Amino acid sequence: MPKQFKTYTRFEGGLNTKTNARSIQDNELAQANNVIIDEFGMVKSCGKAVANTGGGTNYTAPSLGGAQQAGYGLFQAVMDYKIDETNSPTVFTFLADPSSATKIDIAEDETPFSQSGAFDTDEIDLVGYPGVSGNSNGAAVFDIADGVVRIADANFGANNTCKFYGFIKRKLWLDSNGDQLNVDGGSAQTISEYASTFSGLHEPFNTPFITGGSAGTPANGGLVGATLGVNGTLTASDDNGSGSSDDIDFSAGTLADDLDTPLDTGTFKLVNKTDGAVYSITTRTDTNTVIVSSAIDISNKDCLVAPAAGYGYNLEVIQPGSGSMTAGTYEFAQTFIYDGVQESVPSPMFGTITIASSKYLQLGIIAHHAYGSRRTGGRIYMRDSTVKGEWEFLVDISHTEGCRTSLEGEYTGWATAYSQSSELTCTVNITANNVDTFETLNGYSSSVQTNHIGHTGCGYKTSVVSNRRRFVANVKSPDDTGTTVHQPDRLMYSEINKFDTILPTNFIDIGVNDGEEFVKLEAFADRLLAFKNRTLYIINIGGGSDTQWFLESSHQNMGVEFHAAVTKTAFGVCWVNKNGLYIYDGSKITNLQTKILESEWEAFVNSDTMIGYEPTHKHLVVIRDADDESSDNGDAYVYSFITKSFTFVEDLIADNVKSNPITDVYNKMTMAVSTNSVVSYDGEPDAGTTFDIKLKDDDFGLPNTVKKIYGVTVEYASDNNNSDGIKYFYTNDSGTKQGTANAGDLADTNNDLDVNRVTFGTPLLASSFQVQLDMDGNSIQKVNNVAVEYRPIYKRIT
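Structural notes, computed from the coordinates. (Residues numbered from 1 in each chain as written. Predicted model: local features only at pLDDT ≥ 70, side-chain atom pairs only at ≥ 80, totals over all residues. Heavy atoms only, no water.)

**Some words on the sheet that holds strand S38 (residues 484-493)**
No. 1: Read from one edge of the open sheet, four strands run S36-S37-S38-S39, paired in antiparallel fashion. The strands lining the two open edges of the sheet, one partner per strand, are strand S36 (459-466) and strand S39 (507-508). (Pairing = 2+ DSSP bridges. Helix = DSSP H or I, 4+ residues; strand = E, 2+ residues; numbered from the N terminus.)

Written out as structure tokens, the structure reads:
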């Protein structure tokens, strides 16, 4: 029988260790180390994740105080404004530095999609409140909605909280003519900046951390004067006028009935409207007398009591004449409005007003400049102090335009209490009760304990934005009793278009008390993928209302152990666990891992195995470890979506602590490593790693029959002489498997695609034959085909 050639010219089957090397397909490989197969008919040297910092690269090296939390802390977004307030699309790269107090550094790409600038340190601080250091080792998780990045500490650091980072541009304090007032010593106040602040919706007179004893207890604040003088002003008289403090008697009216209010704890200021002098109120002795911080002469001068900067509003209420208000005794409350659309829960004010029959109310709102850039205004409510029903809407407050008594009405502009002072006033008339309430305006009752997850020490472990809502899971927050609890199996969601408004009742009950916790949320094609440790839940959230959502399916043994074990690709959501490598394409789940031996895969995948995506060549990369616990923690399996094949890459990332991988704007899979480096994987071949593949252990379709093997032909490209580049294994004519042998060199081709043939002086007598190409890493190697020359002699193996 004449000689024959068996040519291996398509390698798209990739690595197959699940099937015996004798039984794999001709286009599969029994070993595929440090190679990539992302085009048909070509095996190439693999690429590596290499430093992407310095000249000609995409990033400037960070300088962290310590290595980042393994598998966390890296995020990227394209924002509409630069940090210098220029309106131009700009790439922001966020990197957590959790070494001492968890803070976020930001690198700004001032020429988008070319190269980022230096990392500005400590741009965002996860500390919960001033004067306390944030907790170290925070595991920063990010999401973005409408140009605002929100960050939480998945480790629930006791002093850390959820943060908001976004650009805010707004004018403040317009008068009724639409002109900006000069306040705070003579300047017009305009906000134009990136705000790094709390994402919580804290109510007036409640600091961003938990006050009042138990977790989540709201702090009451604000004052309602029962009869605060003619035309809403206070007429005060000086009792002694000397010494280090002064007793000020409000003879024209009373100041809240309770003697245990913020008025007694230094939260309010006394403002002399005649000369603009401001005095701190340190305490008071009764409902008429306050003690200020220094001696003053204020006899028979008009005054007002203003809150300290940013705390909330004070309220003066009088009944000047006839109207149609319902008679009764009323209590009042106030809220803050955040971002123009989100409202805090009401904060009750001290004091009550008895409204006579057939009267109208004149309300004087007293504000004190410096409310924080997210707070765009507030609202005033009232209700019967005996019945205590839902809060009735009274006044809508805008820090820009003033106040109005209906959401469709015209604004009355602001005025300064004294020329260029920080205290501002606005007076409106309420002639009749309003049909709107807090509940009708917001869609939920004011009786909720809290409407956000933003208290210090609270947060969530994973989040995603989809269909104009924000979903969070594995939550720590106050419950309906005000006690802070960690609920690992709690999945919650925001109100639509209100990404921080998350009510205690906004939760999806799935897998409760099943011994698992939520690890990762991802969204794709109107589906929410909720990963627990062992179980995946797919929830259909395509309906506009949450009442239309439903659990579409649940999948045992398809959960993940690590939040960075999930990534989003152009083809769907992918994830990895010890059972496989999966993709959800919007309609079905497919296990991509069908060719790696189960025991090998299970040994490779750990509790912190990560997955990333490189979009140009469409590589899905499975990285062994996020941390630096072993010498092979940077090894990876690479799956090509083009050829649907696997290969194995040693040290695709150098051994080190690694952040979570991201698919960056430069079309690379990028991570931060150690304390001072950013590395990227672009999928292109690189020199530097030994190219090592084994073909099928081939019996050429004639098992148990002896063949003569004459030689091997390789079509390849190389820029290096590969000594003993062709190796082989064979089973001899007696059926005994032989060890590795060298067939010959693969010479330098100057990167041209050349053909090299090696022959055996004496043909091998073999029942099966297997080629190994073991090429040096000093150049990029490419193999187009391999051929084996043989002739069957139809001799039975003996």
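**Describing the pairing of strand S57 (residues 722-732)**
No. 1: Among the eleven residues that make up S57, nine are buried, leaving the element largely enclosed by the rest of the structure.
No. 2: When S57 meets strand S58 (residues 741-746), the two strands line up antiparallel, connected through four bridges. Bridged to Ile726 within S58 is Gly744.
No. 3: As paired strands, S57 and strand S59 (residues 754-775) are joined by seven bridges and run antiparallel to one another. Opposite Asn732, over in S59, you have Ala766 as the bridge partner. (Buried < 20%, exposed > 50% of the residue type's maximum accessible area, 1.4 Å probe, protein only.)

**Observations concerning a negative patch on the surface**
No. 1: A surface patch of negative charge is lined by Asp84, Glu85, Glu110, Asp120 and Glu193.
No. 2: Along the chain, the position of Asp120 falls in strand S11 (residues 119-125). (Patch = residues over 30% accessible without salt bridge, like charges linked within 9 Å, V, L, I, M, F, W, Y side chains within 5 Å. Areas by Shrake-Rupley, 256 points an atom, 1.4 Å probe, with all protein chains shown as cover. Salt bridge = Lys/Arg side-chain N within 4 Å of Asp/Glu carboxyl O. Lys, Arg positive; Asp, Glu negative; His and termini not counted. Charge placed at Lys NZ, Arg CZ, Asp CG, Glu CD.)

**Here we look at the packing of aromatic side chains**
No. 1: Evaluated as defined, the whole model comprises 43 aromatic pairs.
No. 2: When the ring of Phe438 is compared with that of Tyr444, the centres are 5.6 Å apart and the planes differ by 85 degrees; the resulting orientation is edge-to-face. Residue Phe438 shares its accessibility class with Tyr444, and that shared class is buried.
No. 3: Here Trp575 and Tyr582 contribute two aromatic rings whose centre-to-centre distance is 5.6 Å and whose plane-to-plane angle is 25 degrees, an arrangement assigned as stacked. Comparing Trp575 with Tyr582 shows no difference in burial state: the two are buried.
No. 4: A network of ring pairs unites the aromatic residues Phe571, Trp601, Phe604, Tyr613, Tyr637, Tyr639, Phe641, Phe646 and Phe648 as a single cluster. (Phe/Tyr/Trp six-rings, centres within 6.5 Å; stacked < 30°, edge-to-face > 60°.)

**Here's the deal with the nonpolar core**
No. 1: Counting residues in hydrophobic clusters, the biggest one holds 96 residues, and the most contacted among them are Trp575, Leu581, Leu652, Phe769 and Leu773.
No. 2: Sort the elements by how many residues they give to this core and S59 lands first, with eight residues.
No. 3: Leave out the neighbours within four places in its chain, and Leu773 touches Phe691, Asp692, Ile693, Val714, Gly725, Ile726, Leu746, Val783 and Val786.
No. 4: If you look at the next biggest cluster of nonpolar residues, it comprises 37 residues, including Leu172, Leu181, Leu424 and Ile430. (Core = buried A, V, L, I, M, F, W, Y, C linked by side-chain atoms within 4.5 Å. Contact = heavy atoms within 4.5 Å.)

**Here we look at unusual backbone geometry**
No. 1: One non-glycine residue with positive phi stands out, namely Asn467, at about 50 degrees.
No. 2: Within the secondary structure, Asn467 is located in the loop between S36 and strand S37 (469-478).
No. 3: Since its relative accessible area comes to 34%, Asn467 is described here as partly exposed.
No. 4: Its identity as a non-glycine residue notwithstanding, Asn750 has a phi of 55 degrees, on the positive side.

**A few points about the pattern of salt bridges**
Side chains that differ in sign of charge can pair as their charged atoms come close.
No. 1: For the structure on display, the rule yields 30 salt bridges.
No. 2: With its nearest N and O atoms 2.9 Å apart, the salt bridge here joins Lys588 to Asp585.
No. 3: Salt bridges sharing common partners tie together Lys6, Asp26, Lys696 and Asp698.

**Observations concerning the environment of Ala140**
No. 1: With respect to the helices and strands, Ala140 occurs in strand S12 (residues 140-145).
No. 2: Between the C-alpha atom of Ala140 and that of Val605, which follows or precedes it by 465 residues, the distance is 23 Å.
No. 3: Filtering out sequence-adjacent residues up to four positions away, Ala140 remains in contact with Tyr72, Gly73, Ala96, Ile104, Ile151 and Ala152.

**Quick notes on the sheet that holds strand S10 (residues 103-109)**
No. 1: Ordered by their spatial adjacency, four strands build an open sheet running S8-S9-S10-S11, and the pairing between neighbours is antiparallel. Both edges of this open sheet fall to strand S8 (74-81) and S11, since each of them pairs with a single strand only. Each strand axis lies, on average, 35 degrees off the axis of its neighbour in the sheet, ignoring direction.
No. 2: Where S10 and S11 come together, four bridges link them in antiparallel fashion. Residue pairing across strands places Ile106 opposite Asp120, the latter belonging to S11. (Axes fitted to C-alpha atoms, helices over the stretch in contact; angles between N-to-C directions.)

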